[in-house]
Each structure stands twice: as structure tokens, then as C-alpha cells.
Amino acid sequence: MPPKIARLAGLGAFAACAGFALLFLLLVYATRPTARGGIDPVNAAVTWIALGGVFAALIGAHILIGRRLLEVSKGIQQQP
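All of these numbers come straight from a predicted model, not from anything done at the bench. (Residues numbered from 1 in each chain as written. Predicted model: local features only at pLDDT ≥ 70, side-chain atom pairs only at ≥ 80, totals over all residues. Heavy atoms only, no water.)

Explain the overall build of the chain here, please?
When helices and strands are tallied, the chain shows 2 helices and 0 strands. Relative to its length of 80 residues, the chain is extended, with a C-alpha radius of gyration of 18 Å against a globular reference of 12 Å. Considering only C-alpha atoms, the chain reaches an extent of 55 × 25 × 10 Å along its principal axes. The 80 residues of the chain split such that 14% are buried. A separation threshold of at least 6 residues defines the contact pool for the chain, and within that pool the share at least 24 residues apart is 71%. Total accessible area on the chain stands at roughly 5,800 Å², and carbon and sulfur atoms take up 71% of it. (Helix = DSSP H or I, 4+ residues; strand = E, 2+ residues; numbered from the N terminus. Rg over C-alpha atoms; globule rule 2.2 N^0.38 Å. Buried < 20%, exposed > 50% of the residue type's maximum accessible area, 1.4 Å probe, protein only. Contact = heavy atoms within 4.5 Å. Areas by Shrake-Rupley, 256 points an atom, 1.4 Å probe, with all protein chains shown as cover.)

What follows is the structure in C-alpha cells.
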């Protein structure tokens, strides 16, 4: 992969991490219990924990991929 494309793809992976974090915050905001309705606090907490695990895994994978792509763009040799 050309270094310029690897760098852009690596930066894109880090941008995806920010997007995932913002999406998680939006979902937390949307599922919070309110006085006018919404889901109860127990179901809200279960939803936040479940989604938090999924988003943490996605963010972790994108961080690893982004770091590896930035290493490729700098020309660092990988061990087999």
C-alpha cells in the first residue's frame, strides 16, 4: 500500500473512533430516563452497558488498525 494512502486510511480509522464515541453519546442521550417518559433507569443502564461494550470493541479495533496503518505509512517493518 502506498504510504500516502496508508496515512489517510490510518487517520480515517482514528476519525471513525471519534464518530463512534459521538454516536454512543447520542444513544445515551436518547435512551436516558426523563420525567415525561422514556425507558426506566434499569433498562437504560442495561442499554448503556451493552452498547458501551460494543462501542469499546469497535473503538479498540479501529485504534489498532489506525496505528498499524500509520506505521506502514512511516515505513516501519513489521515482524512476521
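And the narrative resumes.
Explanation requested: the packing of helix α1 (residues 3-30) against helix α2 (residues 41-74) in the structure shown.
Helix packing geometry: the angle between the two helix axes and the distance between the axes. One can describe the packing of α1 onto α2 by two numbers: an axis separation of 7 Å at closest approach and a directional angle of 165 degrees. One element, α1, and the other, α2, form an angle in the roughly antiparallel class. You can see that α1 and α2 cross each other, and the crossing is left-handed. For the contact of α1 with α2, the class distribution of residues is 23 nonpolar, 5 polar and 2 charged. (Axes fitted to C-alpha atoms, helices over the stretch in contact; angles between N-to-C directions. Parallel < 35°, antiparallel > 145°, perpendicular 65-115°, else oblique. Left-handed = near helix turned anticlockwise from the far one by under 90°. Nonpolar A, V, L, I, M, F, W, Y, C, P; charged D, E, K, R; others polar.)

Just to check I follow, could you spell out the side chain of Ser 73 for this structure?
Topologically, Ser 73 is positioned in helix α2. Overall, Ser 73 belongs to the buried group, its relative accessible area being 18%. From its side chain, Ser 73 meets the backbone oxygen of Leu 70 in a polar contact 2.7 Å long. Those residues in contact with Ser 73 that sit more than four places away from it in its chain are Pro 3, Ala 6 and Arg 7. (Polar contact = N/O pair within 3.5 Å; in protein donor to acceptor, adjacent residues only side chain to side chain.)

Quick question: what am I supposed to make of a nonpolar patch on the surface here?
Side chains of Met 1, Ile 5 and Val 72 sit close together on the surface and give an oily, nonpolar patch of about 290 Å² of accessible area. Within the secondary structure, Ile 5 sits in helix α1. Residue Ile 5 is classed as partly exposed on the basis of its relative accessible area of 48%. (Patch = residues over 30% accessible without salt bridge, like charges linked within 9 Å, V, L, I, M, F, W, Y side chains within 5 Å. Salt bridge = Lys/Arg side-chain N within 4 Å of Asp/Glu carboxyl O.)

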